[in-house]
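Per-entry structural report
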Amino acid sequence: MQRFNLYQEEYHPSPLVNIWIEFRRSHIALAGFVLLVLFVVITILAPIIAPFDPYLQNTNAILLPPAWEPNGSAIHLLGTDGLGRDVFSRLLYACRITFGSSLVIVAVSVLIGVGLGALAGVLSGVRSSVINHLLDSIMSIPTLLIAIIIVAILGTGLTNAMLAITLALIPQFVHQTRTFVRNELQKDYVLLDRLDGASSPRIFIYSILPGMVELIVVQATIALSVAIIDISALGFLNLAAQDPLIELGLTLSQGLEVAYVAPWLIILPGLCIFLMILSVNIVGEGLRSALRNRLHH
Amino acid sequence: MKLFIRYLNLMVVTIFILIVLSFFLPFLFPGDLLTNISGIVAQSADQRTALEQVYKLDQSIFHQFIFYIESLLNSNWGVSTNDQSNLYQEVSLAFPATLELVGYALLVSIIIGIPIGFISGLKNHNPFDFSVVTFSMVGYSFPVFWLALIFITIFCLQLEWLPISGRIDLLFDVPVETGFILLDIARSDIPNKPDAYLDALHHLILPTASVAIVTTALFIRFTRRSIMDVMDKGYIIAAKSRGFTQRQIFFKHGLKNALLPILPILALQISTLITNVMIIETIFSWPGIGRWLIQAIYQQDYPAIRIGMLIVSLFVMAMTITIEFITRAMNPARERAESAAV
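Residues numbered from 1 in each chain as written. Chains lettered and ligands numbered in written order. Predicted model: local features only at pLDDT ≥ 70, side-chain atom pairs only at ≥ 80, totals over all residues.

1. Focus on the overall build of chain A
What chain A contains, in helices and strands, is 10 helices and zero strands. Mapped in sequence order, the helices and strands of chain A form the string α-α-α-α-α-α-α-α-α-α. Considering chain A as a whole, with its 297 residues, one finds that 44% of them fall into the buried category. Residue pairs at least 24 apart in sequence account for 69% of intrachain contacts in chain A once pairs closer than 6 positions are excluded. (Helix = DSSP H or I, 4+ residues; strand = E, 2+ residues; numbered from the N terminus. Buried ≥ 20, exposed ≤ 12 C-beta atoms within 10 Å, placed from the backbone. Contact = placed C-beta atoms within 7 Å.)

Structure (structure tokens):
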């Protein structure tokens with residue numbers, strides 16, 4: 001039976017679906033998304049995908065070039081390193097550590113940063129430019145410097161480096177949350193809640209937080225790419241992950257020792273870091289423009 | 001004026017906080033407190049008591065702090081644990097080298113990044129804009145240490161065009177006065193100055209390029225976004241309807257309004273820039289403060305770490321606050337620094 005319908009569309013996409021529709025209109029963003037999903041899969045499934053044990057030393061095949069070189073072998077797809085370990089397997093494990101630890105860093109700094117920011121935004125009276133400027137100041141201390149101080153106090157290690165990067169990332173979330181909450185608190189729907197007798201935590205969780213999720217996700221993608229760069233840079237400087245661990249920056253600096261005879265040992269890990277950051281940045285950019293366009297419609 | 005006093009106040013408070021932080025660092029570092037502060041490993045009980053008296057460790061923490069500030073002001077910054085070298089001299093040699101690299105990288109990024117950002121933002125969605133966006137996306141995804149290594153492999157090892165490390169060939173005996181290599185050459189009286197300049201510039205190219213590519217990419221993105229936002233504003237449309245040409249509109253209304261919001265964002269990038277420069281220094285053996293600090297951490301040279309950290313963070317802080325002050329002074333309508341959105 002034909003039914004009268006005022007609207008052309010029967011189906012009203014939710015905001016999330018709307019973003020996805022906008023997002024996939026850009027092919028580049030979609031490609032970046034696929035790459036990012038690939039890295040997530042590697043992070044979860046590295047032990048299953050890896051053809052070799054990353055610590056297994058094959059003394060018969062030391063410094064074997066990748067398979068596409070004239071004297072490469074298809075058994076070791078990306079060749080072997082100075083100790084005869086399979087580069088492909090090592091890279092998979094290294095991606096796992098680098099990407100996984102970056103995800104943890106961002107998750108922790110989002111939780112702490114948004115919490116503190118909400119507190120600073122909801123609690124009124126402490127409004128003074130001092131707090132704001134202090135946050136700006138902390139934000140302007142270079143990450144490497146914070147890392148150096150933390151490493152000097154606690155010693156080298158992946159956990160300590162992660163701590164340093166988390167500390168460096170938190171202020172920007174506090175800042176964003178605080179500004180957003182302050183702006184929203186002026187609006188009428190919050191006043192309505194307040195008149196209904198809602199407490200400040202309730203207003204934040206039920207009224208303000210849902211509108212803030214997108215902002216946080218976009219900020220988190222920026223933070224993720226910063227975290228990847230920093231963790232691999234610290235690994236490269238031997239200040240983060242130490243030897244038995246396999247991390248991309250560390251693998252790169254180990255490849256430096258044999259760079260003359262085996263350039264692929266510095267090119268491949270670097271390429272992994274680069275692709276990882278690129279995919280995160282592309283997805284972040286895609287999300288931002290999708291959000292912008294969705295608001296325009 | 002009121003603004004100036006507020007920012008001066010802010011500057012003083014931040015400097016004080018940083019000094020307090022650096023004062024408490026040796027208490028947190030592992031190992032002997034006396035060695036962490038003085039850089040000298042006491043050989044005997046007598047020497048130990050003598051040193052403790054010098055650094056007022058036998059008195060209250062307040063006296064120690066006063067002594068710390070006094071010695072900071074008297075440029076008596078203690079000695080390094082490893083080779084007993086004077087830290088003040090070391091820092092005053094290393095820091096200008098870092099500043100030099102930061103300055104050139106910043107200069108290159110501003111000269112290249114901002115005009116390109118404007119051009120591609122004004123004519124967006126044409127092939128030029130598309131390639132610029134692609135370049136900037138790729139450029140700012142580069143891990144800077146990998147980029148430097150690739151440059152070394154291509155230009156130093158394969159093509160042998162440029163030197164791998166250092167600031168100038170050892171054949172040129174340039175006495176160190178200011179720490180800025182080009183200035184030092186100008187002030188020195190060596191026979192073949194033009195060659196020395198050329199050699200120093202050759203050494204500069206790769207480190208500057210590695211840092212500048214990442215920073216330029218960021219600058220392009222900020223500028224492009226900013227000019228695109230400004231050109232959508234009502235006053236631009238009003239100017240258009242009054243019959244101004246595109247050129248007039250851009251130079252009269254667009255340029256200023258687009259530059260103002262990006263200044264504080266650029267200021268926030270200084271910390272990224274410094275981190276990158278510090279990493280680049282270790283790769284190119286550039287005798288700057290970053291390499292010096294990282295060496296210090298490998299050797300657990302705690303007095304050096306304390307001073308180096310203090311100097312670098314003071315510099316970054318002072319730069320950030322100054323730029324923020326300038327932006328506020330130029331644009332009173334601005335409430336506070338917007339946080340960076342790439």
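2. A closer look at the overall build of chain B
The helix and strand tally for chain B stands at 13 helices and zero strands. For chain B, the C-alpha atoms occupy an extent of roughly 85 × 55 × 35 Å along the three principal directions. Counting only residues that meet the buried cut, chain B has 41% of its 342 residues in that class. Relative to all contacts within chain B whose residues are 6 or more apart in sequence, the contacts with residues 24 or more apart total 69%.

3. A word on the interface of chain B and chain A
With 36 residues of chain B at the interface, the matching set in chain A holds 37 residues. Split into classes, the residues belonging to the side of chain B that touches chain A amount to 26 nonpolar, nine polar and one charged. (Nonpolar A, V, L, I, M, F, W, Y, C, P; charged D, E, K, R; others polar.)

4. Looking at the environment of alanine 329 of chain B
Residues and elements named next belong to chain B. Within the secondary structure, alanine 329 sits in helix H13 (residues 302–330). On the basis of neighbour counts, which here come to 12 C-beta atoms within 10 Å, the residue alanine 329 falls in the exposed class. A C-alpha to C-alpha distance of 8.4 Å links alanine 329 and phenylalanine 4, two positions 325 residues apart in sequence.

5. Re helix H4 (residues 61–73) of chain B
Helix length check: H4 of chain B (13 residues) gives 18 Å between terminal C-alpha atoms against 18 Å at 1.5 Å per residue, within 8%. Just past H4 of chain B, the residue serine 75 of chain B takes up positive phi, approximately 50 degrees. (Expected span 1.5 Å × (residues − 1).)

6. Focus on the packing of helix H8 (residues 200–236) of chain A against helix H9 (residues 248–255) of chain A
All names here are of chain A. As a packed pair, H8 and H9 sit with axes 6 Å apart at the nearest point and diverge in direction by 35 degrees. Every pair of crossing elements has a handedness; the one defined by H8 and H9 is right-handed. Contacts between H8 and H9 involve Ile231, Ser232, Ala233, Leu234, Gly235 and Phe236 from the former and Leu248, Gly249, Leu250, Leu252 and Ser253 from the latter. Here the residues of the contact of H8 with H9 are counted per class, giving seven nonpolar, four polar and no charged. (Axes fitted to C-alpha atoms, helices over the stretch in contact; angles between N-to-C directions. Left-handed = near helix turned anticlockwise from the far one by under 90°.)

7. Some points on the nonpolar core
If you look at the biggest cluster of nonpolar residues, it comprises 149 residues, and the most contacted ones within it are Ala147, Ile148, Ile165 and Ala227 of chain A together with Ala148 of chain B. Element by element, the count of residues in this core is highest for H8 of chain A, at 15 residues. Ignoring any residue separated from it by four or fewer positions in sequence, one finds isoleucine 148 of chain A in contact with Leu293, Ile297, Ile305 and Met309 of chain B. Ile168, Ile185, Ala196 and Leu204 of chain B belong to the second largest nonpolar core, which has six residues in total. (Core = buried A, V, L, I, M, F, W, Y, C linked by C-beta atoms within 7 Å.)

8. Some words on unusual backbone geometry
Non-glycine residue asparagine 238 of chain A carries a positive phi angle of around 65 degrees. Position of asparagine 238 of chain A relative to the elements: it lies in the loop between H8 and H9.

9. Structural notes on the packing of helix H10 (residues 234–241) of chain B against helix H11 (residues 246–284) of chain B
Helix-helix packing is characterised by the crossing angle of the two axes and by the distance between the axes. Residue and element names in this part refer to chain B. The interhelical angle for the contact between H10 and H11, taken along N-to-C directions, is 155 degrees, at an axis separation of 11 Å. The orientation of H10 with respect to H11, classified from their angle, is roughly antiparallel. Where H10 crosses over H11, the handedness of that crossing is right-handed. The segment H10 lies against H11, with Tyr235, Ile236, Ala239 and Lys240 engaging Ile249, His253 and Gly254. By residue class, the composition of the contact of H10 with H11 is four nonpolar, two polar and one charged. (Parallel < 35°, antiparallel > 145°, perpendicular 65-115°, else oblique.)

10. Quick notes on the confidence of the model for chain B
Residues and elements named next belong to chain B. This prediction gives chain B a mean pLDDT of 81; 95% of its residues lie at or above 70. Mean pLDDT across the secondary structure elements of chain B bottoms out at helix H8 (residues 181–187), with 73, and peaks at helix H12 (residues 289–298), with 88. For this predicted complex, the interface confidence comes out at an ipTM of 0.83, alongside a pTM of 0.85. (pLDDT = per-residue confidence, 0-100.)

11. Looking at H10 of chain B
The buried count for H10 of chain B comes to zero of eight residues, which makes it a mostly uncovered element. Backbone geometry just downstream of H10 of chain B places glycine 243 of chain B in the positive-phi region, at approximately 95 degrees.

12. Looking at the environment of proline 47 of chain A
With respect to the secondary-structure elements, proline 47 of chain A resides in helix H2 (residues 27–49). Counting along the chain gives 218 residues from proline 47 of chain A to leucine 265 of chain A, while the straight-line C-alpha distance between them is 21 Å.

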